[in-house]
Amino acid sequence: MKRINLSLVIVFALLIGLSGCMDSDGPDDTAKVKENETAIENYLKTDSLGSKAIRDSSGLYYITRVANPNGQLANRGDAATIKYTGYLLDGTKVVSSTVDSKTTFTFPVEGYLFWGGIERGIFLMKTGEKATFFLPFYLASGNVDKVNIPAYSPIRLEVEFIQTRSEVQQIDEFIAKKNYKNFERTSDNLVIIRSNQVTGDTIKAGEAVKVKYVGKLLDDVKFDEGTSSFITSSGGTIAGFDRALRKLRKKEKAIIIFPSALGYGKTGRGDKILPYAPLQFEIEVLAD
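Just so you know, these numbers come straight off a predicted model, no measurement behind them. (Residues numbered from 1 in each chain as written. Predicted model: local features only at pLDDT ≥ 70, side-chain atom pairs only at ≥ 80, totals over all residues. Heavy atoms only, no water.)

A. Just the overall build of the protein chain, in detail. Counting its secondary structure elements, the protein chain contains four helices and 13 strands. Within the protein chain, contacts between residues separated by at least 24 positions form 70% of all contacts whose residues are at least 6 apart in sequence. (Helix = DSSP H or I, 4+ residues; strand = E, 2+ residues; numbered from the N terminus. Contact = heavy atoms within 4.5 Å.)

Given below as structure tokens:
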């Protein structure tokens, strides 16, 4: 579980393999931007609430269908949960959050390279609200054909904002769900649940240790496991893992939980750990 050097940009696919990435702008793209704008504005003339549509500086149009003034705004790093269905302007359904027995989609706010329109749109809503977003191609699937979405397609996206949770809230919910009662928690939300009691000194900085571990997301999806040797405080592993080790003893077992600030931060790790993801590890510090 050694530290991984990450690229600055990690591109994640949409649930059905779509991406918001586009090829480099060609000479046709400027004309297509105007075509999209005209198509969206013509569609709005047929919508009973079309006159209430607002266009933001990116070219995204939106209509608030159900308002909730007392709802919560999303903050950077939150886990936002939405329901959505996307259509071409001719009414053809092309995307949905209802996939593999799931009805909602959760993503890290301002950390997930989802469609650009969703990244902008989530800040225009509060929890409990429903809205329609009209996304020009450059905020949706881009300027190349993607599965069932033709290149340069504007998209109508129906969105319901279910909830938004900070990392601390996610950790608290996880602890409650697992019914963990006796745990240690630091001021920066490193949580340690010890599985056995061992006497003696805790592991020191600069000490060599061998650890058996299983790494999981808070939905219990496993992303890593193994047995590795570490020298504590050497930068050989992420901060939460290292700091937890220095609170344990040889032969001790524990479950540790920590926020992304002590993990992989706003970049995540590959395609398994999204940005702003709190993590859990089952660890056993082996004897010499």
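Now, onward.
B. Structural view of the environment of threonine 103. Take threonine 103: it is sitting in the loop between β4 (93–96) and β5 (105–108). A residue is classified by how much of its surface remains accessible, and threonine 103, at 42% relative accessible area, is partly exposed. Put simply, threonine 103 and tyrosine 84 are 19 residues apart on the chain and 8.7 Å apart in space, counted from C-alpha to C-alpha. Residues contacting threonine 103, with those up to four places away along its chain left out, are Lys83, Ser97 and Thr98. (Buried < 20%, exposed > 50% of the residue type's maximum accessible area, 1.4 Å probe, protein only.)

C. Looking closely at the environment of arginine 156. Tracing the sequence through the fold places arginine 156 in strand β7 (residues 155–165). Sequence separation of arginine 156 and glycine 91 is 65 residues, and the distance between their C-alpha atoms is 8.6 Å. Excluding residues that lie within four positions of it along the chain, arginine 156 makes contacts with Tyr43, Thr85, Gly86, Tyr87, Leu89, Thr132, Phe133 and Phe134. Within the structure, the side chain of arginine 156 is placed 2.7 Å from the side chain of glutamate 158, a separation counted as a polar contact. (Polar contact = N/O pair within 3.5 Å; in protein donor to acceptor, adjacent residues only side chain to side chain.)

D. Quick look at the pairing of β7. With 10 bridges joining them, strand β3 (residues 79–88) and β7 adopt antiparallel strand pairing. Counterpart to alanine 80 in the pairing with β7 is threonine 164. Pairing of strand β6 (residues 130–135) with β7, which is carried by six bridges, proceeds in the antiparallel orientation. Considered in β7, the bridge of alanine 131 is made with valine 159. (Pairing = 2+ DSSP bridges.)

E. Inspection of the nonpolar core at higher detail. Residues Ile82, Trp115, Phe133, Leu135 and Leu157 are the most contacted members of the largest nonpolar core, which totals 26 residues. Sequence-distant contacts of phenylalanine 133, defined by excluding residues within four places in its chain, comprise Leu60, Tyr61, Tyr62, Gly121, Leu124, Met125, Ile155, Arg156, Leu157 and Val159. Of all hydrophobic cores here, the second largest spans 25 residues; its members include Phe230, Leu245, Tyr264 and Leu279. (Core = buried A, V, L, I, M, F, W, Y, C linked by side-chain atoms within 4.5 Å.)

F. Geometry of the pattern of salt bridges. In total, this model carries 20 salt bridges according to the counting rule given. Between lysine 247 and glutamate 184 there is a salt bridge whose closest N-O contact spans 3.6 Å. Of this pair, lysine 247 sits in the loop between α4 (239–245) and β12 (253–258) while glutamate 184 is found in strand β8 (residues 184–185), placing the two residues 63 residues apart along the sequence. For lysine 247, a relative accessible area of 30% translates into the label partly exposed. (Salt bridge = Lys/Arg side-chain N within 4 Å of Asp/Glu carboxyl O.)

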